[in-house]
Amino acid sequence: MTKLQQSIMLIKHIATGLMIPILSVLLLQKGATMQTLPLLFATFSVTVACMEVPSGIFADMYGRKKVFIMSCVLQIIAVSLLFFAGNPGSMALAMVFFGSGRAFSSGSLDALFIDQAMDRQGENILVKVTAQLAILEGVGFAAGSIAGGFIASVTNTYLSNLIVQFLLNITLVLICLLFVQEQPAAHAEQQRSLRDHLKEGKQLVLSSRRFILIFISVFVAGFAMSTVETYWQPTFANLSKMNNVAWALGLITFAGFITAILGSTLGQMLMDKFKGKWWIIYNICRTSLGVTFIIYALQESISGFLTGYGVIYLFIGINSVAETTIINKWTPGRMRASVLSLSSLITQIGVLVASVLSSLLVVYLGVSGIWAISGILVGGYALILIFAVKDR
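Parameters and conventions
Residues numbered from 1 in each chain as written. Predicted model: local features only at pLDDT ≥ 70, side-chain atom pairs only at ≥ 80, totals over all residues. Heavy atoms only, no water. Axes fitted to C-alpha atoms, helices over the stretch in contact; angles between N-to-C directions. Helix = DSSP H or I, 4+ residues; strand = E, 2+ residues; numbered from the N terminus. Left-handed = near helix turned anticlockwise from the far one by under 90°. Contact = heavy atoms within 4.5 Å. Nonpolar A, V, L, I, M, F, W, Y, C, P; charged D, E, K, R; others polar. Salt bridge = Lys/Arg side-chain N within 4 Å of Asp/Glu carboxyl O. Buried < 20%, exposed > 50% of the residue type's maximum accessible area, 1.4 Å probe, protein only. Core = buried A, V, L, I, M, F, W, Y, C linked by side-chain atoms within 4.5 Å. Parallel < 35°, antiparallel > 145°, perpendicular 65-115°, else oblique.

With that out of the way, let us pick up the packing of helix α3 (residues 37-62) against helix α5 (residues 88-105). Contact geometry for α3 and α5: axes closest at 7 Å, N-to-C directions at 35°. Seen along the crossing, α3 lies across α5 with a hand that is right-handed. Where α3 abuts α5, its residues Leu40, Phe41, Thr43, Phe44, Thr47, Val48, Met51, Glu52 and Ser55 lie against Pro88, Met91, Ala92, Met95, Val96, Phe98, Gly99, Ser100, Arg102, Ala103 and Phe104. Partitioned by chemical class, the residues of the contact of α3 with α5 number 13 nonpolar, five polar and two charged.

Right, here's the structure in full:
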């Protein structure tokens, strides 16, 4: 990836990260209640799920640059709506635009930059590019989260985060319009009909057992990580017995992103060293992640809990590189944005299913039981996959 491409991806993730530590409290400040807050986030998730695949298809057929610029415009509209929001309806509308922007963003520039790198340097660059994308995501989220908390603290208002995010998205639009190039010749797909594109996508995914198997793995991972993100904060608060845990939660979130970055770097090293064993590496790390979940569920000390949290994100970083590399290796360039969007959609479905099942089962199983089940699903399925598909 070029320095310009890396800068664009970093700014994109920083803009997203700005809202991570403060979005819930901002919505509450705007008039949401503890009852309506989950509904607002559900609105976001459902919108993302509905728009993921259409946005990926649009990107493949009409250009990834156009779709990314559209995502920035949608984010600008969302930020503006939330800035002036004063009732649940306007906040819900803002979340719809946030979700649409997220969906149009996922896989658009990623697909373009991967294709351009492979055109310049060949297929051997794939591991390096996917690792760079994962690392930039982690660095951007970490930097954005720290900056978001600092900006809100210094200005004494959460609206400042919206203003900065607005300006960053304006910057991204201008940079893309002026400097990002996308060759029309690279998109012969534009000459094809939507029906032909959908037909090829269906054949690519459904006629290949390996795609079906890895997408089930994507679903299971989304399910498991949702249970961690939902319950780690209250679990830590109960274990720590601290009166004010806000600073600690922010620091742990930052540390999680850092360990994910380390995992992405380690993932690149493993994929480069064992070029013919990508599938094995992916599923061994997935199995290890499942075992870590089970051990994590048993922790009753702060040190054990924090260690488990860090190891989980380390394996998430490794698996992110391995999974994205494998999916991109199996996907022709003309279908790349569509397939990446489908993968993101399946993750979102896993998150939604986990949210529903966890809310029903946590009363009976407790958080530890939910995490143990997640570990069994992740690790058990990965063991099956080691023998189900031969790496190619």
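A word on the pattern of salt bridges. Applying the stated criterion to the full structure yields six salt bridges. Note that Asp115 is salt-bridged to Arg64, the shortest N-O span being 2.9 Å. Placement of Asp115 in helix α6 (residues 108-121) and of Arg64 in helix α4 (residues 64-84) is noted, with a sequence separation of 51 residues between them. When its relative accessible area of 14% is taken as the criterion, Asp115 is described as buried. Note on Arg64: relative accessible area 1%, which makes it buried. One salt bridge in this structure joins Asp115 and Arg336, with 2.7 Å as the shortest N-O distance. A residue pair is termed long-range when its members are at least 10 positions apart, and Asp115 in helix α6 and Arg336 in helix α14 (residues 336-388) qualify at 221 residues. Each member of the pair Asp115 and Arg336 is classed as buried.

In this section: the nonpolar core. Residues Phe211, Ile214, Phe215, Val228, Trp232, Ile312 and Trp371 are the most contacted members of the largest nonpolar core, which totals 48 residues. At the level of secondary structure, the elements contributing two or more residues to this core comprise α7 (126-155), α9 (194-206), α10 (209-240), α11 (246-273), α12 (278-297), α13 (302-330) and α14. The element that contributes the greatest number of residues to this core is α10, accounting for twelve residues. In contact with Ile214, other than residues within four places in its own chain, are Trp279, Tyr282, Glu323, Ile326, Ile327 and Trp330. In terms of nonpolar packing, the next biggest core, distinct from the first, is built from 24 residues, Met1, Met118, Val129 and Cys176 among them.

In a pair of packed helices, the angle between the axes and the distance between the axes together describe the arrangement. Where α4 meets α5, the axes come as close as 8 Å, and the angle between the chain directions of the two elements is 160°. Put simply, α4 runs roughly antiparallel to α5. Helix-helix and strand crossings are classified by hand; for α4 and α5 the assignment is left-handed. Residue-level inspection shows Val67, Phe68, Met70, Ser71, Leu74, Gln75, Ile77, Ala78, Val79, Leu81 and Leu82 of α4 in contact with α5, the latter providing Met91, Leu93, Ala94, Phe97, Phe98, Ser100, Gly101, Arg102, Phe104 and Ser105. Residue classes in the contact of α4 with α5 are distributed as 15 nonpolar, five polar and one charged.

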